[in-house]
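# Descriptive analysis of the structure
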Amino acid sequence: MRVITPSPDHVITTPNATMTGFASPGRGSAELSTWHAAIPAGTTGPEHSVSREQVWTVTAGALDVTCGGRTEKVAAGEAVVLPPDVVRHVHALADTEVYVAMRSDGLVSVPGTEGTRPLPWAV
């Protein structure tokens, strides 16, 4: 068993959200990565895809999630399962908080750019 206590070293702020990493290989998890994201109202994240399935659980606010050309509203108390390797983006309809889980080896790619990269809050 391993207890992971968040610290300032586990927080990464991007132009779109602030992520706080919990479980990850760098913090003692062999298979999964989990994190919290705080997304300000009106923010639209970039189009991208992730090589692993993700489960987003919304605990406050609401998102419009577009994945594979389909858009769904996901509100507090709901979860959305995002499939791997499908282009997606999210738009925060209000100040929104989510918890995300995925396999720890997920990589991100952005349409129109070369290569992949890990999610820094998930490693």
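Starting afresh in each chain, residues are numbered from 1 along the sequence in its written order. Since the coordinates come from a predicted model, pLDDT governs what is reported: local features require at least 70, and pairs of side-chain atoms require 80 or more to be given and counted, while whole-chain, interface and lining totals use all residues. The basis for every side-chain value is the complete set of non-hydrogen atoms in the structure, without hydrogens or water.

Okay, unusual backbone geometry next. Backbone geometry at Asp85 places phi at a positive 60°, although glycine is not the residue there. For the exposure calls, accessible area comes from a 1.4 Å probe over protein chains only, and a residue counts as buried if that area is under 20% of its type's maximum, exposed if over 50%, partly exposed in between. Under the relative-accessibility criterion, Asp85 is labelled exposed at 56%.

Before going further, it helps to examine the sheet that holds strand β3 (residues 32–39). A pair of strands counts as paired when DSSP detects no fewer than two bridges linking them. To qualify as a helix, a DSSP run of H or I must reach at least 4 residues; to qualify as a strand, a run of E must reach at least 2; elements of each kind are numbered from the N terminus. Spatial strand order, β1-β2-β3-β10-β5-β8: six strands in an open sheet with antiparallel pairing. Each end of this open sheet is capped by a strand with a single partner; those strands are β1 (11–13) and β8 (79–82). On average, adjacent strands in this sheet sit at an angle of 20° to one another, irrespective of strand direction. Summarising the sheet, strand β5 (residues 54–60) and strand β10 (residues 96–103) pair through six bridges and their orientation is antiparallel. Each axis is a line fitted through C-alpha atoms, and for a helix only the stretch in contact is used; angles between axes span 0 to 180 degrees, taken between their N-to-C directions.

It is worth spelling out the environment of Glu78 at this point. Checked against the element boundaries, Glu78 lands in the loop between β7 (70–75) and β8. Residue classification places Glu78 among the partly exposed positions, given a relative accessible area of 39%. Sequence separation between Glu78 and Thr59 is 19 residues; the distance between their C-alpha atoms is 7.7 Å. With residues up to four places along the chain from it excluded, the contact list for Glu78 reads Trp56, Thr57, Val58 and Lys73. Here a polar contact is taken to be a pair of N or O atoms separated by no more than 3.5 Å, where protein atoms must pair a possible hydrogen donor with a possible acceptor and residues adjacent in sequence count only if both atoms sit in side chains. Only 2.8 Å separates the side chain of Glu78 from the backbone nitrogen of Ala75, close enough to count as a polar contact. Residue contacts follow a heavy-atom distance rule, with two residues in contact if any of their heavy atoms lie within 4.5 Å.

Its place among the elements puts Thr96 in strand β10. The exposure class assigned to Thr96 is buried, which follows from its relative accessible area of 1%. Here Ala94 takes part through its backbone oxygen, which lies 2.7 Å from a polar atom of the side chain of Thr96. The contact partners of Thr96, leaving out residues within four places of it in the chain, are Ala37, Ala38, Ile39, Val58, Ala60, Gly61, Ala62 and Leu63.

Further remarks concern the nonpolar core. Residues grouped as a nonpolar core are buried Ala, Val, Leu, Ile, Met, Phe, Trp, Tyr and Cys residues, joined through side-chain atoms within 4.5 Å. Core analysis: the largest hydrophobic core is formed by 23 residues, its most contacted members being Trp35, Ile39, Trp56, Leu63, Val65, Val98 and Leu119. Elements that contribute at least two residues to this core include exactly β3, β5, β6 (62–67), β8, β9 (88–92) and β10. What Val98 contacts, discounting residues up to four positions off in sequence, is Trp35, His36, Ala37, Trp56, Thr57, Val58, Thr59 and Leu63.

What follows is about the pairing of β9. Side chains Arg88, Val90 and Ala92 project from β9 onto a buried face, and the interleaved His89 and His91 project onto a face without burial. In the sheet, β6 pairs with β9 via five bridges, with the strands oriented antiparallel. Bridge assignment links Asp64 to a residue of β9, and that residue is His91.

In this sheet, strand β2 (residues 18–21) lies alongside β1 in antiparallel orientation, the contact comprising three bridges. Among the inter-strand pairings, Val11 is bridged to a residue of β2, identified as Thr20. Hairpin connection from β1 to β2: four residues lie between these consecutive antiparallel strands. Sheet topology places β2 next to β3; four bridges connect them, and they run antiparallel.

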